Amino acid sequence: MVDDGAITPLADRRPGGRRLWLRHHARAAELRTIRSRIAAWAGQQRLPEDVVIDLQLAVGEAVSNGVEHAYLDAEEPDVVPTVEVELEVLANEPLPVVAVMVTDHGRWRPAPDRPGYRGRGLTVIDRLSRRLQVVSSRQGTRVCFEVPLRPF
């Protein structure tokens, strides 16, 4: 259960871990807190400023999609809409990355044929990252991607 308006940081279980897990209410007002927590964690990891900016923007887009779209047709009034963010530094890869997973527990809604000035969140994420995957099921939607620690 998530307390109203509260953040539940569930950082890596190892002291000084390279992983961050956040769970928030699926509300636009939570984006500022999510970005702040990412910045604090990234500072502990000594990530370059340009990587932090890319992470904040890409994660913000993925979270915004969950906030704006996933819970519009919620059938269970007792369920508190949430979004989860998981970040992990994978430094032993051939190209070191921050692996990102953003999960909601709502319903996927395909992008409209004519999104107008909106509907470009996944395109933004794709440009800032690599290996973008969107997996949708009855349990929700998971957006996964990697932000390189060096230019790609």
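So, how was this worked out
Residues numbered from 1 in each chain as written. Predicted model: local features only at pLDDT ≥ 70, side-chain atom pairs only at ≥ 80, totals over all residues. Heavy atoms only, no water. Helix = DSSP H or I, 4+ residues; strand = E, 2+ residues; numbered from the N terminus. Buried < 20%, exposed > 50% of the residue type's maximum accessible area, 1.4 Å probe, protein only. Pairing = 2+ DSSP bridges. Arc of directions from axis to C-beta. pLDDT = per-residue confidence, 0-100. Contact = heavy atoms within 4.5 Å. Core = buried A, V, L, I, M, F, W, Y, C linked by side-chain atoms within 4.5 Å. Salt bridge = Lys/Arg side-chain N within 4 Å of Asp/Glu carboxyl O. Polar contact = N/O pair within 3.5 Å; in protein donor to acceptor, adjacent residues only side chain to side chain.

> Could you give me a rundown of the environment of Pro 81, with the residues and numbers involved?
On the secondary structure map, Pro 81 appears in the loop between helix 2 (49-70) and strand 3 (82-90). Measuring from C-alpha to C-alpha, the distance between Pro 81 and His 24 comes to 8.6 Å, with 57 residues separating the pair along the chain.

> Residue-level account of the pairing of strand 6 (residues 140-148), with values.
Counting buried positions along strand 6 yields 8 of 9 residues, so the element is predominantly enclosed. The pairing of strand 4 (residues 97-104) with strand 6 spans 8 bridges and is classified as antiparallel. Looking at strand 6, one finds that Val 100 is bridged to Phe 145. Where strand 5 (residues 130-137) folds back onto strand 6 in an antiparallel hairpin, the turn is made up of 2 residues.

> Any details on helix 3 (residues 121-128)? Residues and values, ideally.
Taken together, the buried positions of helix 3 are Gly 121, Ile 125 and Leu 128. Seen from one end, helix 3 has its buried residues packed into an arc of 70°, which puts them on one side.

> With reference to specific residues and values, describe the confidence of the model for the protein.
It should be kept in mind that the predicted coordinates are not to be read in detail where pLDDT is low. Looking at the protein, pLDDT values average 79 and 73% of them are 70 or higher. Low pLDDT, under 50, characterises residues 1-16; the stretch is placed with 31 contacts to residues that sit more than four places away or in other chains.

> I'd like a rundown of the nonpolar core, residues and numbers included.
One finds Trp 41, Leu 47, Leu 55, Val 59, Val 63 and Leu 87 to be the most contacted residues of the largest nonpolar core, which totals 30 residues. Counting only elements with at least two residues in this core, the list comes to strand 2 (19-25), helix 1 (31-45), helix 2, strand 3, strand 4, helix 3 and strand 6. Here this core gets 8 residues from one element, more than from any other, and that element is helix 2. Aside from chain neighbours lying at most four places away, what touches Leu 47 is Trp 41, Ala 42, Val 52, Leu 55, Val 89, Val 98 and Leu 149.

> If you had to explain the pattern of salt bridges to someone new, which residues and values would you point to?
Within this structure, the stated rule accounts for 3 salt bridges. As a salt-bridge pair, Arg 19 and Glu 86 come within 2.5 Å of each other at their nearest N and O atoms. On the criterion of sequence distance, the pair formed by Arg 19 in strand 2 and Glu 86 in strand 3 is long-range, its members being 67 residues apart. Owing to a relative accessible area of 16%, Glu 86 belongs among the buried residues under this scheme. Between Glu 146 and Arg 131 there is a salt bridge, and its shortest N-O distance comes to 3.4 Å.

> Give me the environment of Val 143: which residues, what numbers.
As for its placement among the helices and strands, Val 143 is situated in strand 6. The exposure class assigned to Val 143 is buried, which follows from its relative accessible area of 7%. Ignoring anything within four residues of it in the chain, the contact list for Val 143 reads Ala 62, Val 100, Met 101, Val 102, Ile 125, Leu 132, Gln 133 and Val 134.

> Can you lay out unusual backbone geometry for me, pointing to particular residues and giving the numbers?
The backbone phi angle of Arg 46 is positive, close to 60°, even though this residue is not glycine. Locating Arg 46 in the fold gives a position in the loop between helix 1 and helix 2. On the basis of relative accessible area, Arg 46 is assigned to the exposed category, the value being 74%. In this model, Arg 131 sits at a positive phi of 55°, which is unusual for a non-glycine residue. As for its position among the elements, Arg 131 is in strand 5. Relative accessible area serves as the criterion here: at 54%, Arg 131 is assigned to the exposed category.

> Explain the side chain of Thr 141 residue by residue, including any values.
With respect to the helices and strands, Thr 141 occurs in strand 6. At a separation of 3.5 Å, a polar atom in the side chain of Thr 141 contacts the side chain of Ser 136.

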